Amino acid sequence: MKFAAIADIHGNSLALQAVLEDIASEGLSDIVNLGDFFSSPLDAEGTAELLRGIDAVSIRGNHDRWLIEQAPEEMGRSDRIAHDQLASETLDWIRTLPATMIWRDEIFLCHGTPEDDNTYWLEQVTEDGRVRSAALKDIEARAQGIEQKLILCAHTHLPRTVALADGRLIVNPGSVGCPAYIDTEPVPHKVQAGHPGACYAILEKQAGGWSVTHRQVPYDNLEMARLAMDRAAPSWAEGLATGWISNETFASITAT
């Protein structure tokens, strides 16, 4: 078995197009999509059109859930911009998606953690806003009761592979379309991939276990950065352009 895992597209249609072309160049047809498809100041409807053209297995993420659970006037800005672009049929499709899934009896899929789509699994945020790797004991505690040898998660946009003591693997394929972002919960912090490329993972079952290849694909990220700036989203623009968010931008966003 060999397949591609994508996640956290966040309305970046140019990044998704580049990733889909790269997946095709690898001869892969099976794709799992771990959620957060649209929310951003970017191109939600263009992203939806691309997703309609592939036969991916999908679960929903926290932003997808907010798109269907919240009234438009209650949404955050990125969710509202995406919501206003999306056709009602796309929102209805999100409503059909599960929060977690066992795929082909061998792979467990979730967005954040098995219990919560808005909680980091492989990382944690310190009281002073630093993002660091979570302790292995805490990672393993969240994996209790999952029998599958391969577990896929997303949400933090950071490509990672973590081996548990019993040999199971947890893999975050990284973000297709949002390499850096600011969040205010549980405290203000920024997550940064450190590069602007579009990320995904290739997973292959071999005799000795699962092989994981993290891939980073270049695309016209500056075009998407310009779109974000045109829509008055400076932290998005900076992250898309560089994969980083400066302390000055972080301070200006979190101070408001």
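Look up a bit, the structure's there.
Here's a quick rundown of the structure.

1. Observations concerning the packing of helix H7 (residues 221-230) against helix H8 (residues 234-242)
Think of two packed helices as two axes; the pair is described by the angle between the axes and how far apart they sit.
Part 1 of the argument: For the pair H7 and H8, the least separation of the axes is 8 Å and the interaxial angle reads 175 degrees. Viewed along their axes, H7 and H8 adopt a mutual orientation that is roughly antiparallel. Within the contact between the two elements, H7 uses Asn221, Leu222, Met224, Ala225, Ala228 and Met229 and H8 uses Pro234, Trp236, Ala237, Leu240 and Ala241.
Part 2 of the argument: Residues that form the contact of H7 with H8 fall into these classes: 10 nonpolar, 1 polar and no charged.

2. Details of the layout of surface pockets
Part 1 of the argument: Quantified by volume, the largest pocket comes out at close to 980 Å³.
Part 2 of the argument: Forming the walls of the largest pocket are 42 residues, and the residues nearest its centre are His63, Tyr181, Ile182, Asp183 and Thr184.
Part 3 of the argument: Elements with a minimum of two residues in the lining of the largest pocket: helix H3 (62-69), helix H4 (77-85), strand S6 (123-125), helix H6 (136-142), strand S11 (180-183) and H8.
Part 4 of the argument: No other element matches S11, which puts 4 residues into the lining of the largest pocket.
Part 5 of the argument: A breakdown of the residues in the lining of the largest pocket according to their chemical character gives 18 nonpolar, 14 polar and 10 charged.

3. Describing the pairing of strand S10 (residues 169-172)
Part 1 of the argument: The alternating pattern of S10 places Leu169 and Val171 and Ile170 and Asn172 on opposite faces, both of which are buried.
Part 2 of the argument: With 3 bridges joining them, strand S8 (residues 150-152) and S10 adopt parallel strand pairing. Within S10, the residue paired with leucine 150 across the bridge is leucine 169.
Part 3 of the argument: Here strand S9 (residues 160-163) pairs with S10 via 4 bridges, running antiparallel. Opposite threonine 161, over in S10, you have valine 171 as the bridge partner.
Part 4 of the argument: Between S9 and S10, which follow one another and run antiparallel, lie 5 residues, and glycine 167 among them has a positive phi close to 100 degrees.

4. Some details on the sheet that holds strand S1 (residues 2-6)
Part 1 of the argument: One open sheet accounts for 5 strands, arranged S3-S2-S1-S13-S14; its pairing is mixed. Of all strands in the sheet, those with a lone pairing partner are strand S3 (57-58) and strand S14 (209-217), marking the two edges.
Part 2 of the argument: Note that strand S13 (residues 198-206) and S14 share 9 bridges and pair antiparallel. Looking across to S14, one finds that isoleucine 202 is bridged to threonine 213.

5. What to know about the environment of aspartate 30
Part 1 of the argument: Its location among the elements puts aspartate 30 in the loop between helix H1 (13-25) and strand S2 (31-33).
Part 2 of the argument: Residue aspartate 30 is classed as partly exposed on the basis of its relative accessible area, which comes to 23%.
Part 3 of the argument: Linking aspartate 30 and glutamate 248, residues 218 residues apart in sequence, is a C-alpha distance of 42 Å.
Part 4 of the argument: Setting aside its immediate chain neighbours within four residues, aspartate 30 contacts Lys2, Phe3, Ala4, Trp103 and Arg104.
Part 5 of the argument: Of the polar contacts made by the side chain of aspartate 30, one reaches the side chain of arginine 104; its length is 3.1 Å.

6. Description of H8
Part 1 of the argument: Among all positions of H8, only Ser235, Trp236, Ala237, Gly239 and Leu240 are buried.
Part 2 of the argument: Residues of H8 that are buried make contact with H4, S11, H7 and helix H9 (247-254).
Part 3 of the argument: Of the residues flanking the end of H8, it is glycine 243, one or two places downstream, whose phi is positive at about 85 degrees.

Rules behind the numbers
Residues numbered from 1 in each chain as written. Predicted model: local features only at pLDDT ≥ 70, side-chain atom pairs only at ≥ 80, totals over all residues. Heavy atoms only, no water. Axes fitted to C-alpha atoms, helices over the stretch in contact; angles between N-to-C directions. Helix = DSSP H or I, 4+ residues; strand = E, 2+ residues; numbered from the N terminus. Parallel < 35°, antiparallel > 145°, perpendicular 65-115°, else oblique. Contact = heavy atoms within 4.5 Å. Nonpolar A, V, L, I, M, F, W, Y, C, P; charged D, E, K, R; others polar. 1 Å grid on protein atoms, 1.4 Å probe; cavity = no way out; pocket = protein on both sides within 12 Å on 5 of 7 lines; lining within 4 Å. Points joined across faces, edges and corners; volume = space filled by probe spheres on them. Buried < 20%, exposed > 50% of the residue type's maximum accessible area, 1.4 Å probe, protein only. Pairing = 2+ DSSP bridges. Polar contact = N/O pair within 3.5 Å; in protein donor to acceptor, adjacent residues only side chain to side chain.

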